[in-house]
Amino acid sequence: MQEPSTKILALEAFRVEQAPPTAYYVPNFITESEEACLLNQVYAAPKPKWTQLSGRKLQNWGGLPHPKGMVPEMLPAWLWHCAEKISFLGAFGGKLANHVLVNEYLPGQGIMPHEDGPLYFPTVTTVSLGSHTLLDFYHPVNRGQQADGEQVQTEEQRHFLSLLLEPRSLLVLREDMYLRYLHGIQPTTSDTITEKVANVMACGAVLGDELHRGTRVSLTIRHVPKVLKTAIFLGRRK
Ligand SMILES: O=C(O)CCC(=O)C(=O)O
Ligand SMILES: [Fe+2]
């Protein structure tokens, strides 16, 4: 298996140098027609496939990640194609992606700052469809500070960096960008490009731009290492 500290050579040219280790941002990772195809397939999924959450709705593909192991389900061909292309870049240390979350955000929707947790190979990859968004990164709450009775930092003070995710782009996060910091999307209808946007050089935007959000669909493509063998699963069911 690839050591977590080694570089992903195929992506090295796309590393965001202004961000902590390591973020890779690939503009136009897919074409407009691939984007349109993926969006068609997302919206062709049967209605019960969607789960409505507060502030976004999602589809889960590949199985439900679980501490005891995920019972794997085959990814549909339209997702497999995209997931395979990312796996072949070496994003998951030579393993293949086996899990995809599809999130849909209307303008004004977002996701609270969070960590992705231990159930995944410590790399997350995201393809954005339909609209841009701004993904914000936060220092974790300093528990020591809280115990000392020092003033807890506000969310705004903990927000130290953002990445602009344009439609059709690929984002790969690993190491500290995955394990150490929290990430989230503000529930807002437009985003201003400030000096906190670390990948602005790789984007078609400049400092001071105000970008209005449309409906964005993201594909969060990951590798879940702990998988229950289908044979055992089938054996138990008999
Ligand atoms: O939509 C995105 O780009 C982020 C989604 C996310 O953070 C997640 O599903 O854990
Ligand atoms: Fe996340």
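Look up a bit, the structure's there.
Residues numbered from 1 in each chain as written. Chains lettered and ligands numbered in written order. Predicted model: local features only at pLDDT ≥ 70, side-chain atom pairs only at ≥ 80, totals over all residues. Heavy atoms only, no water.

*Asks:* Is there a simple way to think about the sheet that holds strand β9 (residues 170-174) in this case?
*Replies:* Sheet strands line up and pair through hydrogen bonds in the backbone, either parallel or antiparallel. Strand order across the open sheet formed by 7 strands is β1-β9-β6-β13-β4-β3-β2, with antiparallel pairing between neighbours. Taken across any chain shown, the strands that pair with only one partner, and hence form the sheet edges, are β1 (23-26) and β2 (50-53). Going across the sheet, the axis of each strand differs from the next one's by a mean of 20°, ignoring polarity. In this sheet, β9 lies alongside β1 in antiparallel orientation, the contact comprising 4 bridges. (Pairing = 2+ DSSP bridges. Helix = DSSP H or I, 4+ residues; strand = E, 2+ residues; numbered from the N terminus. Axes fitted to C-alpha atoms, helices over the stretch in contact; angles between N-to-C directions.)

*Asks:* When you look at the coordination of the iron ion (ligand 2) in this model, what are you seeing that I'm missing?
*Replies:* Surrounding the iron ion (ligand 2) are the protein donor atoms H114 (NE2), D116 (OD) and H183 (NE2), at 2.1 to 2.2 Å. Of note, the iron ion (ligand 2) draws all its donor residues from one chain, in the sequence arrangement H-x1-D-x66-H. One end of the pair, D116, is in the loop between β5 (111-114) and β6 (123-129); the other, H183, is in strand β10 (residues 182-185), with 67 residues separating them in the sequence. (Donors = N, O, S within 2.8 Å, 3.2 Å for Na, K, Ca; no water.)

*Asks:* What's the story with the pairing of strand β3 (residues 56-61) in this structure? I'm lost.
*Replies:* Two faces make up the sheet, and in a regular strand the side chains alternate between them. Within β3, 5 of the 6 residues are buried, which leaves the element mostly enclosed by the surrounding structure. In this sheet, β3 lies alongside β2 in antiparallel orientation, the contact comprising 4 bridges. Bridge pairing in β3 places L53 opposite R56. Linking β2 to β3, which pair antiparallel, is a turn of 2 residues; within it G55 sits at a positive phi near 95°. As judged from the 5 bridges shared by β3 and strand β4 (residues 99-105), these two strands associate in the antiparallel manner. Looking at β4, one finds that Q59 is bridged to V102. (Buried < 20%, exposed > 50% of the residue type's maximum accessible area, 1.4 Å probe, protein only.)

*Asks:* When you look at the site of ligand 1 in this model, what are you seeing that I'm missing?
*Replies:* Around ligand 1, the surrounding shell consists of L101, N103, Y105, I111, H114, D116, T126, H183, I185, R216, S218 and T220. Within the side chain of N103, one N or O atom sits 3.3 Å away from an oxygen atom of ligand 1. A distance of 3.1 Å is found between an oxygen atom of ligand 1 and a side-chain nitrogen or oxygen belonging to H114. For ligand 1, the protein covers 94% of the area, taking 300 Å² as the surface of the free molecule. (Near = heavy atom within 4 Å. Polar contact = N/O pair within 3.5 Å; in protein donor to acceptor, adjacent residues only side chain to side chain. Areas by Shrake-Rupley, 256 points an atom, 1.4 Å probe, with all protein chains shown as cover.)

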